[in-house]
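Chain residues, written in single-letter form:
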Amino acid sequence: MTLTSHVPSGPLDTAWDRHKSELKLVNPANKRKYTVIVVGTGLAGASAAASLGELGYNVVNLCIHDSPRRAHSVAAQGGINAAKNYQNDGDSIQRLFYDTIKGGDFRAREANVYRLAQLSVSIIDQCVAQGVPFAREYGGMLSNRSFGGAQVSRTFYARGQTGQQLLLGAYGSLMRQVDAGTIRLLPQREMLDLVVVDGRARGIVCRNLVTGALERYAGDAVVLCTGGYSTVYFLSTNAVNSNATAVWRCYKRGALFANPCFTQIHPTCIPVQGEEQSKLTLMSESLRNDGRVWVPKSSDDRRAPKDIPESDRDYFLERIYPAFGNLVPRDVASRAAKMVCDEGRGVGTTRLAVYLDFADAIQRLGEDVIRERYGNLFQMYEEITAEDPYHAPMRIYPAPHYSMGGLWVDYNLMSTIPGLHVLGEANFSDHGANRLGASALMQGLADGYFVIPYTIGHYLGSGGFGAVSTDHQAFRDAEHAVEENVRRLLAIRGKRTIREFHWQLGRLLWDRVGMARKADGLRDAIDKIRALREEFWQDVRVPGHGQEFNKSLEMAGRVADYFELGELMCRDALEREESCGCHLRDEHRTPEGDPKRDDENYAFVAAWEYAGNDTAPRLHKEPLTFSNIQLATRSYK
Ligand SMILES: Cc1cc2nc3c(=O)[nH]c(=O)nc-3n(C[C@H](O)[C@H](O)[C@H](O)COP(=O)(O)OP(=O)(O)OC[C@H]3O[C@@H](n4cnc5c(N)ncnc54)[C@H](O)[C@@H]3O)c2cc1C
């Protein structure tokens, strides 16, 4: 299989405009004749569905939640990047482009990233027009703060609730179209298979999560916006309901899965407290604008933080990376925190934590200013830990947070299955081996508001397909496969809980394909995952029935997919014999211990093709060429 990215040739800065002018169009009267199925109502899904509805397409929009507003995007805290240069501090489209490519350790496609930086500017205007209450300066201008991997302030925010406010904006637009009759909204539906007819994505099979009934939906194109898969690790900052099932089932129908091992470990999360937890809580990266990260200089130092004088503290990020200080990118900050904890200098009862201290900022700016900037985050921290971060430093530790990997897409955001488009965190597109903070919201909204409305028209306008009804044999086969999977899970009636299996898989992945990876650990993990997967299919207990609301059944299906995805993550990490971004291979370090990239042999996107449950997947490579940026060793020192 040849991977064709469809990146336009010629100068980068005019590529998207040229491409748009060459894309096919669907005339307004014909748009309503096309049905587009949009799966997901997060920022990517809601913005796509609203925009396609507004254009006049007939849209079916589904999600697993009881309301589109519960999509995980609601949890995004810190902000959204845009190259507006409101601060007059030297920002530009070129700089956002460069920071993103460099932040991703030169493992992203140049043309996609440049387009993203260009579109970032329009996103803010769109959201302001919707009434999103971004923070403002006294004079009315939109306010900005800084995020990791940048030396400018380009992050727009609404306190620590940016995702919620952006989602309310997108939801308003979505509901306008529901009211106008262009969107049929179907909550509490879980997509469990993709239907492919004559090689094209023509529909989906879902389970109605309230009644348990299986439902078929046919369309002319499918747009998948189902979010990320960090919950494969069990403990992550993602919502417990986040999952990989939709992308995984599409992979099994022929869509290639790109860079599955690139998962982001976020440096500032509330540390793990014990085995009863169901998730971890993020403390936004925005806190590193004012919080200083430190540990005691000595591993023997057990004093309370307030009793440790400045001279006995190691502000290790400021020390090692003076140019970026506490605002180094996430992969760099996470590795540094792990390193000081591995040296025995971690704090708290588990010694797997570092301090994030606001004492300086409070002294300089006053408690009120800090409360205004981060009040809800401080409150959340106090509710969870029973410690007051205004008076004692927060304790934080890295945790799984975001998946840069996802289904492979071309420049038009189409997967290797014609008609199946993938947006937002579910695709692999723009962040390379490490995503910069505040750029996921930017990407999801760029995809939904500004890319798919053009590229889907090109796909539909190119024609070549006739009507397909849900009676087609391909729908019956897909439904039968789903039914069979559900029946198999319910029939096991074993002794162990779904949670036990997920916990065990998650901890194994965290150890072996988490912050650091090495060949023997990865090989061993593959064997262990397979053994655990076999045990799961023999001994898991899924209570209840299929024809009812059954949370256990939902979770069992997702965990079954995680076993297969977890194995692919290990394979991908094993294959990539270099360190890049989030992917630190212990064998590939410089003499100083820094990650060592291998551009000669690994400047490619790894795209995996499913070859059967017990057959090794096939690796395809999309070479990455850099003609506008010079490949360089990433340095934040
Ligand atoms: C705690 C936290 C804070 C964050 N803060 C920021 C930030 O400040 N800035 C930033 O840029 N990024 C941030 N991120 C990342 C960002 O929030 C996400 O990457 C982004 O919101 C993902 O949007 P999405 O639309 O792709 O997916 P989601 O918002 O996860 O939406 C997925 C949708 O798909 C639906 N769905 C899933 N599976 C199925 C299925 N099988 N069938 C049917 N429907 C399905 C769900 O119901 C949902 O509607 C944060 C992430 C976390 C976890």
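Residues numbered from 1 in each chain as written. Predicted model: local features only at pLDDT ≥ 70, side-chain atom pairs only at ≥ 80, totals over all residues.

Can you walk me through the overall build of the protein chain in this structure?
Of regular secondary structure, the protein chain possesses 17 helices and 19 strands. For 637 residues, the compact-globule estimate of 2.2 N^0.38 gives 26 Å, and the C-alpha radius of gyration of the protein chain, at 24 Å, lies within 12% of that figure. Per-residue burial over the protein chain gives 53% buried out of 637 residues. Of all intrachain contacts in the protein chain linking residues separated by at least 6 positions in sequence, the fraction that spans at least 24 positions is 74%. (Helix = DSSP H or I, 4+ residues; strand = E, 2+ residues; numbered from the N terminus. Rg over C-alpha atoms; globule rule 2.2 N^0.38 Å. Buried ≥ 20, exposed ≤ 12 C-beta atoms within 10 Å, placed from the backbone. Contact = placed C-beta atoms within 7 Å.)

Just to check I follow, could you spell out the domain arrangement of the protein chain for this structure?
How large an interface is tends to be reported as the accessible area lost when its parts come together. On domain assignment, one finds that the protein chain holds domain 1 (266–399) and domain 2 (493–623). Domain 1 and domain 2 are separated by 29 Å when their C-alpha centres are compared. Domain 1 puts five residues into the contact, and the matching count from domain 2 is four residues. Sort the elements by how many residues they give to the side of domain 1 that touches domain 2 and helix α9 (residues 330–342) lands first, with four residues. (Domains from an automatic or database assignment.)

How do you make sense of the site of the ligand when you look at a structure like this?
The environment of the ligand is made up of 47 residues, and the closest members are G40, G42, S73, G227 and G424. Looking at the shell around the ligand, the elements that each hand over two or more residues are α3 (43–55), α6 (162–180), β6 (189–197), α7 (245–252), β15 (394–403) and α12 (440–461). Taken together, the residues of the shell around the ligand break down into 19 nonpolar, 25 polar and three charged. (Near = placed C-beta within 6 Å. Nonpolar A, V, L, I, M, F, W, Y, C, P; charged D, E, K, R; others polar.)

How should I be thinking about unusual backbone geometry in this particular structure?
For residues besides glycine, phi is generally negative; the peptide bonds are generally trans as well. For F234, which is not a glycine, the phi torsion comes out positive at approximately 65 degrees. Considering the arrangement of structural elements, one finds F234 in the loop between β9 (221–224) and α7.

What am I meant to see in the sheet that holds strand β1 (residues 35–39) here?
Two modes of strand pairing occur in sheets, parallel and antiparallel, and in both the strands are linked by backbone hydrogen bonds. One open sheet holds the five strands; their spatial order is β5-β2-β1-β9-β17, and the pairing between them is parallel. The sheet is open, and its two edges are formed by β5 (183–186) and β17 (420–422), each paired on a single side. On average, each strand axis in the sheet is tilted by 20 degrees relative to the strand beside it, whichever way the strands run. Note that β9 and β17 share three bridges and pair parallel. (Pairing = 2+ DSSP bridges. Axes fitted to C-alpha atoms, helices over the stretch in contact; angles between N-to-C directions.)

How should I be thinking about the packing of helix α14 (residues 498–512) against helix α15 (residues 519–539) in this particular structure?
Packed helices, taken two at a time, are described by their axes: the angle between them and the distance between them. Viewed as axis vectors pointing N to C, α14 and α15 meet at an angle of 175 degrees, and their least axial separation amounts to 10 Å. Accordingly, the angle class assigned to the pair α14 and α15 is roughly antiparallel. Side by side, α14 and α15 meet where F501, Q504, L505, L508 and R512 of the first sit next to G521, L522, A525, K528, I529, L532 and F536 of the second. (Parallel < 35°, antiparallel > 145°, perpendicular 65-115°, else oblique.)

Sorry, what's going on with the pairing of strand β11 (residues 263–269) here?
On any regular strand, side chains alternate: one points to one face of the sheet, the next to the other face. Of all seven residues that make up β11, seven are buried, and the element is covered over most of its length. Direction of pairing for β11 relative to β15: antiparallel, over a ladder of five bridges. Residue pairing for β15: Q264 is matched across the bridge by Y402.

Which parts of the structure should I look at to understand the nonpolar core?
Soluble globular proteins tend to bury their nonpolar side chains together. Counting 192 residues, the largest nonpolar core has V223, L224, V354 and L407 as its most contacted members. Each of domain 1 (266–399) and domain 2 (493–623) gives at least three residues to this core. Ignoring sequence-local partners within four residues, the contact set of V223 consists of V36, I37, V38, A48, H421, L423 and I452. (Core = buried A, V, L, I, M, F, W, Y, C linked by C-beta atoms within 7 Å.)

What exactly am I supposed to notice about the sheet that holds strand β16 (residues 406–407) here?
The antiparallel open sheet is built from four strands, whose spatial order is β16-β10-β18-β19. In this open sheet, the two strands that pair with only one neighbour each are β16 and β19 (618–623). Bridge count for strand β18 (residues 604–609) against β19 is six bridges, and the pairing is antiparallel. Looking at β19, one finds that V605 is bridged to E622. Helix α16 (residues 551–575) rests against β10 (257–258), β18 and β19 of the sheet, and its axis sits at about 140 degrees to β18.

Just checking my understanding: could you explain the packing of helix α4 (residues 93–103) against helix α5 (residues 110–130) for this structure?
Axis separation between α4 and α5 bottoms out at 9 Å; the angle between their running directions is 135 degrees. In this view, α4 runs oblique relative to α5, as classed from their interaxial angle. Judged by the twist between their axes, the crossing of α4 over α5 is right-handed. Of α5, the residues touching α4 (which contributes I93, L96, F97, T100 and I101) are E110, V113, Y114, L116, A117, Q118 and S120. Of the residues that constitute the contact of α4 with α5, the class distribution is eight nonpolar, three polar and one charged. (Left-handed = near helix turned anticlockwise from the far one by under 90°.)

Mind showing me how you'd approach the environment of P322 here?
Locating P322 in the fold gives a position in the loop between α8 (316–320) and α9. For P322, a count of 10 C-beta atoms within 10 Å puts it in the exposed group. Sequence spacing of P322 and Y636 is 314 residues, and the spatial spacing of their C-alpha atoms is 7.7 Å.

Could you clarify how one ought to interpret the environment of Y454 in this entry?
Looking at the secondary structure, you find Y454 in helix α12. In sequence terms Y454 and L25 are 429 residues apart; their C-alpha atoms lie 7.9 Å from each other. Ignoring sequence-local partners within four residues, the contact set of Y454 consists of K20 and L23.

Just to check I follow, could you spell out α7 for this structure?
Owing to its 3.6 residues per turn, the α-helix brings residues three or four apart onto one side. Within α7, seven of the eight residues are buried, which leaves it mostly tucked inside the rest of the structure. By the burial criterion, the buried members of α7 are T245, A246, V247, W248, R249, C250 and Y251.

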